[in-house]
Amino acid sequence: MKMIAIIGDEETRPLIRKMFTAHQVTLFSSIAIRGCSCESGGEPVAWWPAGKDIPTVYSSLCFAILDDEKAEKIMKDFEEAPLAADPAFPSKAFMMNVEKMI
């Protein structure tokens, strides 16, 4: 079994959910995340905590646990066509092994 996790900005979440549905995968969960833009004047800054000095960005993490074959197909499709409402902020996908799920 694999866990596929995709993180993207709030505007990309509907595209992520649509992609999982197209693959006939039920999401295990979708988690809202409050982060920030991690660059200021080209210098990297810590993202935590987001506050008045660092612009706040809202994103989400959607994940599902599924069989290896379907997970590989999703990752292949994602690699060929990353999901992004704004091309400057493409979502990121992760695939991890799941040893056991109860």
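Everything below is about the structure shown above.
Remember, it's a predicted structure, so these values are computed and weren't measured experimentally.

Chemist: Where do I start with the overall build of the protein in this structure?
Modeler: Looking only at helices and strands, the protein has two helices and six strands in total. Counted from the first residue to the last, the protein has its helices and strands arranged as β-α-β-β-β-β-α-β. Per-residue burial for the protein yields a buried fraction of 29% across its 102 residues. Of the contacts formed within the protein by residues at least 6 apart in sequence, a portion of 72% connects residues at least 24 apart.

Chemist: Help me understand the side chain of Asp9 in this model?
Modeler: Its place among the elements puts Asp9 in strand β1 (residues 2-9). Despite its burial, Asp9 pairs with no opposite charge; the closest candidate is Arg13, at 8.9 Å N-O. A polar side-chain atom of Asp9 sits 2.5 Å from a polar atom in the side chain of Thr12. Residue contacts for Asp9: discarding those within four places in its chain leaves Tyr58, Ser59 and Phe89.

Chemist: Is there a simple way to think about the nonpolar core in this case?
Modeler: A general trend in soluble globular proteins is that nonpolar side chains are found buried together. Residues Ile4, Ile6, Phe20, Leu66 and Ile74 are the most contacted members of the largest nonpolar core, which totals 15 residues. Only β1, α1 (13-22), β5 (56-66) and α2 (68-80) provide two or more residues apiece to this core. Look past the residues within four positions of Phe20 in its chain and what remains in contact with it is Ile4, Ile6, Val25, Leu27, Cys62, Ala64 and Ile74.

Calculation rules
- Residues numbered from 1 in each chain as written.
- Predicted model: local features only at pLDDT ≥ 70, side-chain atom pairs only at ≥ 80, totals over all residues.
- Heavy atoms only, no water.
- Helix = DSSP H or I, 4+ residues; strand = E, 2+ residues; numbered from the N terminus.
- Buried < 20%, exposed > 50% of the residue type's maximum accessible area, 1.4 Å probe, protein only.
- Contact = heavy atoms within 4.5 Å.
- Lys, Arg positive; Asp, Glu negative; His and termini not counted.
- Salt bridge = Lys/Arg side-chain N within 4 Å of Asp/Glu carboxyl O.
- Polar contact = N/O pair within 3.5 Å; in protein donor to acceptor, adjacent residues only side chain to side chain.
- Core = buried A, V, L, I, M, F, W, Y, C linked by side-chain atoms within 4.5 Å.

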